[in-house]
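Next come the chains, spelled out residue by residue.
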Amino acid sequence: MGKNSIQSNLSKEDIIAEIRLTLAADVEHKKSVVIVEGEDDILFFRGKLQPDVDIRESFSGKCGVIEIVNHFSEYRVIGICDVDFNSRCPSPQIFYYDYSCLEMMLISNDSAFSAFFYTYYQGSPEDPQKVRFQLLSNLKWLSFYRKLSAENNWAVNFKGLSISLAYNNNTQALDTSNLLSQINKINPGIISNDRSRIELLSTECRQELDREAYLSITQGHDFLNYFQVLCESVRHLKGKSPGVAELSRALICSYRKEDFAKSSLFRSLSEYQATYQLDILS
């Protein structure tokens, strides 16, 4: 998520102090405070929550959201996070996007993704849903590697990994050996130190996955980076297509309020606000 907002510069103590003031001023105990991971989350919820809901950016991503919410243990303070590959926090005040993250929830919606696809993809006519599934399936190896690393505490560093370097212009697929080489370069000795990890990864990748499973294990930024490179390759304008930040916000624009109303996140928030007689959703 983005980290360019003024709120992202606030410390944990600053945010907690401001929330305390907000809650203290709410004499009717009906005002809600929603903590999210980053600036894109704030943009997403504009127009989808009541105008007087206080939306605040965490001081440290997902972990910061959970820390702040657990600090208050107050039903008027809730957090909304990406699922990623972590176990879900048992707190009833923590909510999660559908699938792995905000971007994948947006990408999962056929209407939103089609509008997004036709705006940026300028190659030969293609079915957006077919292209979406192909990208998801081509990311399977990387998605499983991220998943296994998170679940087994491998602490593999993926920062700096380039989808572009692994992209094959002829097949429009990703070269797994290139990805592995990049990961090994970022994490020196990781392969030679434990070949069993790669064998486990190969076993996991033999699974046949459906659309729902892919959406649950794929990282949104991996998908958008892949989509960006695909758009560049079919237009033959390398470096001219919009960046991932713009693509992410374009997805937000494509996802309508009525789409949100059909999500699992919306249903969970609806049930929560009814239980505590709050007015959160617009």
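Each remark here, short or long, concerns the structure printed above.
Residues numbered from 1 in each chain as written. Predicted model: local features only at pLDDT ≥ 70, side-chain atom pairs only at ≥ 80, totals over all residues. Heavy atoms only, no water.

Undergrad: Requested: an account of helix α6 (residues 128–138), with residues and values cited.
TA: The set of residues buried in α6 consists of Pro128, Val131, Arg132, Leu135 and Leu136. An end-on view of α6 places all buried positions within 135° of arc, on one side of the element. In this structure, the buried side of α6 is in contact with α4 (102–108), α5 (110–120), α7 (140–151), α12 (211–217) and α13 (220–235). (Buried < 20%, exposed > 50% of the residue type's maximum accessible area, 1.4 Å probe, protein only. Helix = DSSP H or I, 4+ residues; strand = E, 2+ residues; numbered from the N terminus. Arc of directions from axis to C-beta. Contact = heavy atoms within 4.5 Å.)

Undergrad: So what about the sheet that holds strand β4 (residues 94–96)? Which residues, and what values?
TA: Pairing in this open sheet of four strands is parallel, and the strands run β2-β1-β3-β4 from one edge to the other. With partners counted over all chains shown, the strands left at the sheet margins are β2 (54–57) and β4, one partner each. Pairwise comparison of adjacent strand axes, ignoring direction, gives a mean angle of 25° for this sheet. The pairing of strand β3 (residues 77–81) with β4 spans three bridges and is parallel. (Pairing = 2+ DSSP bridges. Axes fitted to C-alpha atoms, helices over the stretch in contact; angles between N-to-C directions.)

Undergrad: Just give me the short version of unusual backbone geometry, but keep the residues and values in it.
TA: In this structure, His29 is a non-glycine residue whose phi angle is positive, near 55°. When you line up the elements, His29 lands in the loop between α1 (12–25) and β1 (33–36). Taking relative accessible area as the criterion, His29 reaches 39% and is therefore assigned partly exposed. In this model, Ser73 sits at a positive phi of 45°, which is unusual for a non-glycine residue. Position of Ser73 among the secondary structure elements: in the loop between α3 (61–72) and β3.

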